[in-house]
Amino acid sequence: MSLLNQPFEQRSNCLGFRLGTLESRHDNFRIESLTKEDDRKTKENDALLIEALNGLTFEERQEQQEIVHGVDDMDADESMFIDSALKDLDKILLGTKKGTVYETAEVLNPEYVSARAFRIMFLRGNRYDAKASAKQMLNFFEWKKQLFGEAKLVKDITMDDLDEDDRACLRTGCMQIPGKDRSNRIIILLLPGMRCFKTLMNELRTRYYIWMTVLKSEECQRRGAVVLQYAVGDFRDKKQGDGYMETFILTSALPLHQAAIHLFTDNSTEYILGNGAIRIMPRKIRARFRLHFGSHMECQYLLSTYGIAAWILPLKPITFEMNLEQHHRWFQSCLITDTSDCSDLVRTQTINIECNNNDVLYVAGKKSPNAGNDRLRVLVTDLSQIYDSGTKEKKRMVVDGMIGEIQKTGGRFLKRHPESQSDWIEIPLDEVRLKITQMFRNHRRRADALIQGGRLITGEPLSNDVVFGKTHRSRGSDLMHH
């Protein structure tokens, strides 16, 4: 039996590593004692970061700081150099592919392997380094064969290719895509304490699926993703790090550029290991890596300093339990998109959402009296001056903060399903941002009308009133036209 297919209890540690030995040595070294050395350890981390940044050019340092803090601009046009990079990639692969799984895949389906979009994905993931891209492509097919077999080497992996144990691992929520940061980069959330799998192979196939699902977005290929490993409180790894080495090797074979990597912990042992890992990292990776120590509240605050809204962490207020509703909806949507035998029951479960009093409800042409809507309207009124006077970046932060305020109370942004007026569906965050932005515009127009001597009238207009607008017709408006 393959090592990766052995149950967790029977697996040896010849590839992975355990924290048990280190844990026993530091069993008495708890969070309370760690606080006495917080200042020293923070200075150590800062020194390592400074050393890494000093090894870069000024332009590279500036770019790296902007990327990590989520304030970088969109990538430059790649059309000027992509053709040259593709030629270099082809040349390197021609000299290194002999006897590899890549060569097998090329025989099975040369169009799949040599597809321009497929190769550009690897170049983008390696920042257009042809040599690194070629090496990663060879490793990619080695891992794909190991995970899914030779028959699936030259096809995109979908839900149909995951067995029941793989899907059960995916549903646990140990890996999630909770949203995007300030720069619109996808965030991948890793929760070690929720790892649950029959064999390590299940978790590795799950990671492959999520990583490659994210890479369907060209914007993600260009800009990379932000990875958050959150090991605070109950989310600390209960499997003592088993399988981390295999996971690291697999991740390095997937063409996703990790623009920033954040590790959060409140455990002394993991903090020590994090410090050790920083010391052996290459400088360019070290410059993108941040190690954070603190409670749930402290970590949420730290996130906001890196352009990541606190509500991105799907934690329930007060209890800090994980809210898996959004992740399960994402899982169901993947089932519908990917699987060929998706039942009507699954489709019904996906669209049937029961609204609560804290939700913001959007009903075409009507003003909802729901408490969530009232709360949002109050926020628009209270924050309108800050929003109107702010920069584009400041406005986005205000909108994201409002979304977070609604979500902290358990509220969601819902609209009627187009095929069923009794069902609700959740609105994508990008669409929610547009709707809130429009609310600020409407509020500003009403305020301007009052300044110019107009009179604000609440409720419905009378039949003889003249109402100006594209669609509104009244008796008064008709009389005026005549």
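Residues numbered from 1 in each chain as written. Predicted model: local features only at pLDDT ≥ 70, side-chain atom pairs only at ≥ 80, totals over all residues. Heavy atoms only, no water.

**With respect to the overall build of the protein**
Looking only at helices and strands, one finds 22 helices and eight strands in the protein. Burial statistics for the protein: of 482 residues in total, 47% are counted as buried. A sequence separation of at least 24 residues applies to 73% of the contacts in the protein between residues at least 6 apart. (Helix = DSSP H or I, 4+ residues; strand = E, 2+ residues; numbered from the N terminus. Buried < 20%, exposed > 50% of the residue type's maximum accessible area, 1.4 Å probe, protein only. Contact = heavy atoms within 4.5 Å.)

**Things to note about unusual backbone geometry**
Glycine aside, a negative phi is what most residues show, and trans is what most peptide bonds show. The backbone of Arg-127 shows a phi angle near 55 degrees, a positive value even though the residue is not glycine. With respect to the helices, strands and loops of the structure, Arg-127 is situated in the loop between helix 8 (116-125) and helix 9 (130-148). Positive phi values are uncommon outside glycine, yet Tyr-128 reaches one of about 70 degrees. Along the polypeptide, Tyr-128 turns up in the loop between helix 8 and helix 9. A relative accessible area of 22% places Tyr-128 in the partly exposed class.

**Observations concerning the pairing of strand 4 (residues 258-265)**
One face of the sheet, then the other: side chains in a regular strand alternate in exactly this way. By the criterion of burial, strand 4 is predominantly enclosed, with eight of the eight residues buried. Two elements, strand 3 (residues 225-231) and strand 4, share seven bridges in a ladder whose sense is parallel. Bridge pairing in strand 4 places Ala-231 opposite Thr-265. For the handedness criterion, the β-α-β arrangement of strand 3, helix 13 (residues 244-252) and strand 4 is classed as right-handed. (Pairing = 2+ DSSP bridges. Right-handed = clockwise from strand over helix to strand, strands pointing away.)

**Notes on the packing of aromatic side chains**
Evaluated as defined, the whole model comprises 15 aromatic pairs. Judged by centre distance (6.1 Å) and plane angle (55 degrees), the rings of Tyr-230 and Phe-235 are tilted. This pair shows no difference in class: Tyr-230 is buried, exactly as Phe-235 is. Three or more aromatic residues joined by ring pairs form one cluster here, namely Tyr-102, Tyr-112, Phe-118, Phe-122, Phe-140, Phe-141, Phe-148 and Tyr-208. (Phe/Tyr/Trp six-rings, centres within 6.5 Å; stacked < 30°, edge-to-face > 60°.)

**Focus: the nonpolar core**
Among the nonpolar cores identified, the biggest contains 95 residues, and Phe-141, Tyr-230, Phe-413 and Ile-436 are the most heavily contacted of them. When sequence neighbours within four positions are dropped, the list of residues in contact with Phe-413 reads Val-360, Tyr-362, Leu-376, Ile-403, Ile-406, Ile-425, Glu-426, Ile-427, Val-432 and Ile-436. Counting eight residues, the second-largest nonpolar core is a separate cluster that includes Ile-261, Tyr-271, Phe-289 and Phe-293. (Core = buried A, V, L, I, M, F, W, Y, C linked by side-chain atoms within 4.5 Å.)

**Structural notes on the pattern of salt bridges**
All chains considered together, the criterion is met by 25 salt bridges. Linking Asp-166 and Arg-205 is a salt bridge whose minimum nitrogen-to-oxygen distance equals 2.7 Å. Here Asp-166, found in helix 10 (residues 164-171), pairs with Arg-205, found in helix 11 (residues 200-214); they are 39 residues apart in sequence, far enough to count as distant. Among the residues examined, Arg-205 registers a relative accessible area of 12% and is labelled buried. Residue Arg-412 is joined to Asp-359 by a salt bridge in which the shortest nitrogen-to-oxygen separation is 2.9 Å. Taken as a pair, Arg-412 in the loop between helix 20 (392-408) and strand 7 (413-417) and Asp-359 in the loop between helix 18 (344-351) and strand 6 (360-362) lie far apart in primary sequence, 53 residues in all. A single salt-bridge network, built from bridges that share partners, covers Glu-325, Arg-329, Asp-359, Arg-412 and Glu-426. (Salt bridge = Lys/Arg side-chain N within 4 Å of Asp/Glu carboxyl O.)

**Quick word on helix 9**
One turn of the α-helix equals 3.6 residues, which is why residues spaced by three or four share an orientation. With 19 residues, helix 9 ought to run about 27 Å at 1.5 Å a step, and its terminal C-alpha atoms sit 26 Å apart, in line with that. Taken together, the buried positions of helix 9 are occupied by Ala-130, Ser-133, Ala-134, Gln-136, Met-137, Leu-138, Phe-140, Phe-141, Trp-143, Lys-144, Leu-147 and Phe-148. Among the structural elements, helix 5 (82-96), helix 6 (101-108), helix 7 (110-114), helix 8, helix 11 and helix 13 are those in contact with the buried residues of helix 9. For helix 9, the side-chain oxygen to backbone nitrogen distance between the N-cap and Lys-131 is 3.1 Å, and the N-cap itself is Asp-129. Positive phi appears at Gly-149, one or two residues downstream of helix 9, with a value of about 95 degrees. (Expected span 1.5 Å × (residues − 1). Polar contact = N/O pair within 3.5 Å; in protein donor to acceptor, adjacent residues only side chain to side chain.)

**Let's talk about the pairing of strand 2 (residues 186-190)**
Extensive coverage of strand 2 is indicated by the burial of five of its five residues. Here strand 2 shows no split at all, with Ile-186, Ile-188 and Leu-190 on one side and Ile-187 and Leu-189 on the other all buried. Two strands pair when backbone bridges link them, and strand 1 (residues 175-180) and strand 2 are joined in this way by four bridges, in the antiparallel orientation. Following the sheet pairing, Met-175 is matched in strand 2 by Leu-190.

**Side note on the side chain of His-296**
With respect to the element layout, His-296 can be found in helix 16 (residues 296-304). Among all residues touching His-296, those that are not within four sequence positions of it are Tyr-230, Val-232, Gly-233, Phe-235, Leu-315 and Phe-320.

**With respect to the confidence of the model for the protein**
Considering every residue of the protein, the mean pLDDT works out to 79; 74% of them sit at 70 or more. When mean pLDDT is taken per element in the protein, helix 9 scores highest with 96 and helix 18 scores lowest with 38. Low pLDDT (under 50) marks residues 8-34, which in the prediction has 53 contacts with non-local residues, meaning those over four places away or in another chain. Segment residues 341-351 is flagged for pLDDT under 50; beyond a separation of four residues in sequence, or across chains, it makes 15 contacts in the model. (pLDDT = per-residue confidence, 0-100.)

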